[in-house]
Amino acid sequence: MVLIAKHIATHGMLATLLVAVSACRSSSSLHYTIRYSGSDNPCVWEVSLVANGLDSSNPVCMTLPDWGEWTEVGEEHLRVVHSSPALLQGEESNEWTVEAPENWDGRLEVRYLIGARRVGTEAQRRRRTLPWCAPDYTFGFEANTLMCLDLEVSERTLHVDAPEGWSLYTAWGGMQDPAEGILLADEPGNMMIAIGTPQGAVARSKAGLIETAQFGRGPNIAPEIHRYMVDLVRAYGITTGEVITSPIRVFVLDGMSGGTKSSYGLRIGFRPELGEDQAKSESLRHLVAHELFHFWLGGKIDGGVSTIWFTEGFTDYLSLWHVTALNIVSREYFVEQILDYQARIADSSIGSVAFADESIVWRDGNGPNERMAYAGGAMLAFAIDAALFETGRGRLVDLIDQLLDKSDREFIVRDLWSFMVERGIGKMYEDLVAVPSPLPDSVGLLERVGFRRTDTPTQLAYLGLRAEDQDVPRDAPLAERLPRITMVDPSGPAAQAGMEIGDRILGYFPRRSGAVHVRPGIGPYLYGLDRLDPAAKQAFLDIIRGDTEIRVPIKVRPIDGGTIRGASPVESDELDAFFSVIRPSPQQAARTDRVVVRRHRAG
């Protein structure tokens, strides 16, 4: 069976991800074929590329984008098996130059293999942006799969040769009858591609703006995800004033948790062993809302790597607020997440790094900066939203509205400063964003928007450790920046597990949920008391000893002396007002699933 896709391309937005293109259009054409046998032994995508009409008077360069850092994998990911004319490897391992012979006719043929990892393996979980395969489907992204030329082409086509009975589901064409072929969009990007046998019928909204398909094992949860996706697209459009007109395709896949947003599509991971109840999981619903909101914040508005705390942290909070306002998740879940933000920033760079410092490397492998970006950014967003609500000067979503009105739609830190000054909370920017500073207490913020404070006695997880943060430069090696153990209780659980003074703590689990206050006078061995779950039968500390990483199992000792500082929702006009969201009229909702009707703006 051959599935055909025709693509009239100008590279456009794809150029920012894939390769710089020339300013003029050529009459060349580029044709790809992806062949997949349906066998997971070996898991391989065979890709053929044929280009015609290339200019023999100029060097022709090719690249396979390194999105997801496939070059670290090497030949396990890519192996060129044929090229005519020959390809000359460039300085970078993902770049080649065509060695055009004399009197070359401008035709280039390349055949290469892309390695796909078996679903559920550690290699697949580590490289979730690289292709993977399962018994009844395979999935990947256009980036890391299709080699590109460094010039514009007048036509690009794609054929997919798949097993009999399999279908093709792409972010640009949705689910297609193989006999019909697919006409691709004029605005290419990093497209998602699934080849296989989907579970059940594809869920489509009335106007076809949203499609959801599921592949892999487990119960079919795609219809449930689709239902609240439609509600969220409407709500996001109304609160931000920005209409989404391009189709959004959702790929619900087994094999890993978490999600990914790419051009026109979302990948949502699920765990088959959790059964049908996973579709009702509030954390999964929040995940879907987070990835979807990236079509507005992170997609249309982006500030680059220096503002990850904005594109990720603010996205997490604003998506949480929306799903709570729409009753997709409970207000109790909202509280849990706010408390979890505070718990997660306990081991972050909060207090030593400023959000406004554009020199910070936020992506540090789930290190203190990245935890600050995600959890700290979300807490900062909530603090700003609470202040705006309390003073009656609008809401945080108004910032997204204003940024989407900008012609360039690029976020810079000064945008946040201008917004907060305009809304009368400029002092808050100076205190929390411009300089390193602790964030307000989460329970106090919850109280300010209408929740009721609750304090509940709880046990603590005693390890018998004291650890101190290290005063070293931010660019010092990771091991030197980790908390260092300075005291070990000889009769404590950590000593019995073999922990030593000088060990550096890389991580720990299971983490307890909620913010815990430790009673004064507990003693000197404070590390882990409020972080690890005292009810866990087994806990683990990941440490660095010398140059070696070690995972140490520890049996924690529950002791009294803690208070869970929390909050609970109450029936009140104040709390209802905090979660008020502009809703479409029944007439609008019935007319189209593009209810995202643009609001009238002042002026």
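Residues numbered from 1 in each chain as written. Predicted model: local features only at pLDDT ≥ 70, side-chain atom pairs only at ≥ 80, totals over all residues. Heavy atoms only, no water.

Caption draft 1: Fine view of the environment of Val397. By secondary structure assignment, the location of Val397 is in helix H8 (residues 397-405). Taking relative accessible area as the criterion, Val397 reaches 9% and is therefore assigned buried. In sequence terms Val397 and Ala381 are 16 residues apart; their C-alpha atoms lie 9.9 Å from each other. Dropping the residues within four chain positions of it, Val397 is found in contact with Thr239, Thr240, Leu318 and His322. (Helix = DSSP H or I, 4+ residues; strand = E, 2+ residues; numbered from the N terminus. Buried < 20%, exposed > 50% of the residue type's maximum accessible area, 1.4 Å probe, protein only. Contact = heavy atoms within 4.5 Å.)

Caption draft 2: Highlighting the sheet that holds strand E23 (residues 452-462). One open sheet holds the three strands; their spatial order is E23-E30-E27, and the pairing between them is antiparallel. If you trace the sheet from one side to the other, it starts and ends with E23 and strand E27 (515-518), each paired once. Strand-to-strand, the axes of this sheet are offset by a mean angle of 35°, without reference to chain direction. In terms of strand pairing, E27 meets strand E30 (residues 557-568) through four bridges, oriented antiparallel. Across the sheet, Val518 pairs through a bridge with Gly562, a residue of E30. (Pairing = 2+ DSSP bridges. Axes fitted to C-alpha atoms, helices over the stretch in contact; angles between N-to-C directions.)

Caption draft 3: Quick peek at the confidence of the model for the protein chain. Looking at the protein chain, pLDDT values average 85 and 89% of them are 70 or higher. Of the regions scoring below 50 in pLDDT, residues 1-26 engages in 90 contacts with residues more than four places distant in sequence or in other chains. In the model, residues 584-603 has pLDDT below 50 throughout and makes 41 contacts with residues more than four positions away in sequence or in other chains. (pLDDT = per-residue confidence, 0-100.)

Caption draft 4: Layout of the sheet that holds strand E10 (residues 132-134). Taken in spatial order, the six strands of this open sheet run E9-E10-E11-E17-E14-E15, and their pairing is mixed. For this open sheet the edge positions go to strand E9 (117-118) and strand E15 (174-176), each flanked by a neighbour on one side alone.

Caption draft 5: Expanded view of the packing of aromatic side chains. Counted by the stated rule, this structure contains 30 aromatic pairs. On the basis of an interplanar angle of 10° and a centroid distance of 3.7 Å, the ring pair of Phe310 and Phe411 is categorised as stacked. Within this pair, whereas Phe310 is found in helix H5 (residues 308-325), its partner Phe411 is found in the loop between H8 and helix H9 (413-422), the two being separated by 101 residues in sequence. Among the residues examined, Phe310 registers a relative accessible area of 0% and is labelled buried. A centroid spacing of 4.9 Å and a plane angle of 75° characterise the contact between Phe578 and Phe579, whose relative ring orientation is edge-to-face. Of the two residues, Phe578 and Phe579, neither departs from the other in class, the shared state being buried. The rings of Trp67, Trp132, Tyr137, Phe139, Phe141, Tyr169, Phe215 and Phe251 are connected pair by pair, giving a single aromatic cluster. (Phe/Tyr/Trp six-rings, centres within 6.5 Å; stacked < 30°, edge-to-face > 60°.)

Caption draft 6: Looking closely at the state of the cysteines. For the structure shown, the criterion picks out one disulfide. Sulfur-sulfur distance for the disulfide between Cys43 and Cys133 comes to 2.1 Å. Between Cys43 and Cys133, the S-S torsion sits near 60°, and that sign places the bridge as right-handed. Remark: Cys133 occurs in strand E10 and Cys43 occurs in the loop between strand E2 (29-35) and strand E3 (44-52); sequence separation between them is 90 residues. There is no split in this pair, since Cys43 and Cys133 are both buried. (Disulfide = S-S within 2.5 Å.)

Caption draft 7: How the structure looks around the packing of H5 against helix H7 (residues 368-391). Viewed as axis vectors pointing N to C, H5 and H7 meet at an angle of 60°, and their least axial separation amounts to 7 Å. Our classification of the angle between H5 and H7 gives oblique. At the point where H5 passes H7, the crossing takes the right-handed sense. Across the interface between the two elements, Ile308, Trp309, Glu312, Gly313, Phe314, Asp316, Tyr317 and Trp321 of H5 pack against Ala373, Tyr374, Gly377, Ala378, Leu380, Ala381, Phe382, Ile384 and Asp385 of H7. (Parallel < 35°, antiparallel > 145°, perpendicular 65-115°, else oblique. Left-handed = near helix turned anticlockwise from the far one by under 90°.)

Caption draft 8: Structural context of H5. With 18 residues, H5 ought to run about 26 Å at 1.5 Å a step, and its terminal C-alpha atoms sit 25 Å apart, in line with that. Counting buried positions over the 18 residues of H5 gives 18, a clear majority of the element. (Expected span 1.5 Å × (residues − 1).)

Caption draft 9: Seen up close, the nonpolar core. Counting residues in hydrophobic clusters, the biggest one holds 96 residues, and the most contacted among them are Trp309, Phe314 and Tyr317. Among all residues touching Trp309, those that are not within four sequence positions of it are Phe314, Phe355, Trp362, Ala373, Gly377, Leu380, Phe411, Val413 and Leu416. Membership of the second largest hydrophobic core comes to 59 residues, among which are Leu49, Leu168, Ala171 and Met191. (Core = buried A, V, L, I, M, F, W, Y, C linked by side-chain atoms within 4.5 Å.)

Caption draft 10: Geometry of the packing of helix H6 (residues 331-344) against H7. Relative to each other, H6 and H7 sit at 130°, their axes nearing to 9 Å. Classed by the angle they form, the pair H6 and H7 counts as oblique. The handedness of the crossing between H6 and H7 comes out as left-handed. Across from Phe334, Ile338, Tyr341, Gln342 and Arg344 in H6, the residues of H7 making contact are Arg371, Tyr374, Ala375, Ala378, Met379 and Phe382. A class-by-class count of the residues in the contact of H6 with H7 yields eight nonpolar, one polar and two charged. (Nonpolar A, V, L, I, M, F, W, Y, C, P; charged D, E, K, R; others polar.)

Caption draft 11: Up close: the side chain of Asp503. Relative to the helices and strands, Asp503 is located in the loop between helix H13 (493-496) and strand E26 (504-509). Within the structure, Asp503 has its side chain in polar contact with the side chain of Arg545 (distance 2.7 Å). Leaving out residues up to four positions away in the same chain, Asp503 has contacts with Pro483, Arg484, Ile485, Ile543, Ile544 and Arg545. (Polar contact = N/O pair within 3.5 Å; in protein donor to acceptor, adjacent residues only side chain to side chain.)

Caption draft 12: View of helix H4 (residues 282-293). Along its 12 residues, H4 runs 16 Å from first to last C-alpha, staying within 8% of the 16 Å computed at 1.5 Å per residue. Among the 12 residues of H4, 10 are classified as buried, and the element is accordingly described as predominantly covered. Within H4 the residues assigned to the buried category are Leu284, Arg285, His286, Leu287, Val288, Ala289, His290, Glu291, Leu292 and Phe293.

Caption draft 13: Looking closely at the pattern of salt bridges. As enumerated under the stated definition, the model contains 32 salt bridges in all. When the shortest N-O distance is used, the salt bridge between Arg217 and Asp254 registers 3.0 Å. One end of the pair, Arg217, is in the loop between strand E19 (210-215) and helix H3 (222-240); the other, Asp254, is in the loop between strand E20 (248-253) and strand E21 (259-262), and 37 residues separate them in sequence. With a shortest N-O distance of 3.7 Å, Lys300 and Glu242 are connected by a salt bridge. Placement of Lys300 in the loop between H4 and H5 and of Glu242 in the loop between H3 and E20 is noted, with a sequence separation of 58 residues between them. Sharing partners across several salt bridges, the network here consists of Asp347, Arg511, Asp530 and Arg531. (Salt bridge = Lys/Arg side-chain N within 4 Å of Asp/Glu carboxyl O.)

Caption draft 14: Summary view of unusual backbone geometry. Pro85 follows Ser84 through a cis peptide bond whose omega is 0°. Topologically, Pro85 is positioned in the loop between strand E5 (78-84) and strand E6 (87-89). With omega at 5°, the peptide bond leading from Phe509 into Pro510 counts as cis. As for its position among the elements, Pro510 is in the loop between E26 and E27. The backbone of Asn103 sits at a positive phi, close to 60°, despite the residue not being glycine. Here Asn103 shows up in the loop between strand E7 (95-98) and strand E8 (108-115). Phi at Asn366 takes a positive value of approximately 60°, unusual for a residue other than glycine. One can find Asn366 in the loop between H6 and H7. Overall, Asn366 belongs to the exposed group, its relative accessible area being 52%.

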